[in-house]
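The chain contents come next:
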Amino acid sequence: MARKRPGRVRTKNTNRREALKLSSMAPEDYNVRPGEVKSIACPDCRTWRRIMGDTVLKIREHCISDKVADGDKHTTCPGSDQVVVIDIDVRRWQARQNRLLRDAMPQDNRRAVQQFYKPIPAVAPPVARIKAEDTLKSTRDAYFAHRDGCRKCVRSQHCQDGSALARRYVSAIQTEPARRAARKQLDLQEQRAARKQSTPAAREAQWAKHGPDAEQANNRCTERAPGAVSEYRDPVLPTLPPNPEAHDRRQIDLGRQYAARRPTAA
């Protein structure tokens, strides 16, 4: 593969002008992105030209192209061999250009500056290698599910995962009596604690902890006699209609209307 030759200035001539500083130009009139060909808009002919050289930068020699279309001969542009000095912060200039390009782009085509890719989930480990609470039902289901889908597990022969599941199932069978006894003992302890909390002495201690006000409020929560008025009812709330005679006549009229709508028996 041919080696890429770095660009260099093949002449030491200049246009004898003062060096052109990029800080004196508009940021959109030059391109000094790392990894790309350096270019600049010639101040004289306003055409984009390449910047040649590694140490001493110059605008490449070029002609005024708009005169050729009119039939004139090639005329060298006065901006040829113009010395260029990069006196700007390239990183800051690049960040500003990226922001301007993103703002000028349509909203539908915009993308985030940093792409966040969803990580690929890791492969789930086999059931035989999952560390969880081993119960008789879970180990039995896992063992027989593996036996049904594994071709290597035939009769008393097991594969590596099948052997681990079989040992786990046997261990669960052996520890199941002790597990049941411990569970029974725990249930007995919970029942004893519940009985202790329900004794009269325990209830008196609870009421003493909350104070006499809570006990008095609890004693007031009794059933009310039919027709009794609650003390929480607003005193201005009427208990009878304002005109009892009109109310009775209205109730009689409603009863007649409903009686007329009711279908008669055949």
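Residues numbered from 1 in each chain as written. Predicted model: local features only at pLDDT ≥ 70, side-chain atom pairs only at ≥ 80, totals over all residues. Heavy atoms only, no water.

## Examining the confidence of the model for the protein chain
Basically, it comes down to this: By definition, pLDDT measures how confident the predictor is in each residue, and it falls between 0 and 100. Each helix corresponds to a stretch of at least 4 residues labelled H or I by DSSP, and each strand to a stretch of at least 2 residues labelled E; elements are numbered beginning at the N terminus.
Here the protein chain averages 79 in pLDDT, and 76% of its residues register 70 or above. Model confidence for the protein chain, summarised as mean pLDDT per element, is weakest for helix α1 (residues 65–68) at 65 and strongest for strand β3 (residues 39–41) at 91.

## Regarding the nonpolar core
The following threshold applies: Nine residue types can take part in a nonpolar core, namely buried Ala, Val, Leu, Ile, Met, Phe, Trp, Tyr and Cys, and a core is a set of them joined through side-chain atoms within 4.5 Å. A 1.4 Å probe rolled over the protein chains alone gives each residue an accessible area, and that area as a share of the maximum for its type sets the label: buried under 20%, exposed over 50%, partly exposed in between.
With 11 residues, the main nonpolar core is built from L20, L22, M25, Y30, V32, I40, I51, L57, I59, V84 and W93. One finds A142, L165, A166 and Y169 within the second-largest nonpolar core, a separate group that totals 5 residues.

## Re helix α5 (residues 200–210)
Little of α5 is tucked away: 1 of the 11 residues are buried. Just past α5, the residue G211 takes up positive phi, approximately 100°.

## Let's talk about helix α4 (residues 160–197)
Worth spelling out the cut-off: Working rule for helices: expected span equals 1.5 Å times residues minus one. Each residue is assigned a bend, namely the angle between axes fitted to the seven residues that terminate at it and the seven residues that start at it. Contacts: residue pairs with any heavy atoms within 4.5 Å of one another.
Look at α4: 53 Å from first C-alpha to last across 38 residues, which is about the 56 Å you get at 1.5 Å a residue. Helix geometry: α4 is bent most strongly at T175, by close to 45°, with proline P177 lying one to four residues after it. Looking only at α4, the buried set comprises G162, L165, A166, Y169, A172 and E176. Of the surrounding elements, those touching the buried residues of α4 are α3 (136–149).

## Examining the packing of α3 against α4
Filter applied, for reference: Note on method: axes are straight lines fitted to C-alpha atoms, helices fitted across the in-contact stretch only, with angles between N-to-C directions ranging 0 to 180 degrees. Oblique is the label for every angle not falling under 35 degrees (roughly parallel), over 145 degrees (roughly antiparallel), or within 65 to 115 degrees (roughly perpendicular). We call a crossing left-handed when the near helix sits turned anticlockwise from the far one by less than a right angle, and right-handed when that turn is clockwise. In the scheme used here, Gly and all other residues not listed as nonpolar or charged are polar, with Ala, Val, Leu, Ile, Met, Phe, Trp, Tyr, Cys and Pro taken as nonpolar and Asp, Glu, Lys and Arg as charged.
Where α3 meets α4, the closest approach of the two axes is 9 Å, and the angle between their N-to-C directions is 155°. When the interaxial angle is binned, α3 and α4 end up roughly antiparallel. Between α3 and α4 the crossing geometry is left-handed. Where α3 approaches α4, its residues L136, T139, R140, A142, Y143, F144 and H146 are matched on the opposing element by D161, G162, L165, A166, R168, Y169, A172, I173 and E176. Residue classes in the contact of α3 with α4 are distributed as 9 nonpolar, 3 polar and 4 charged.

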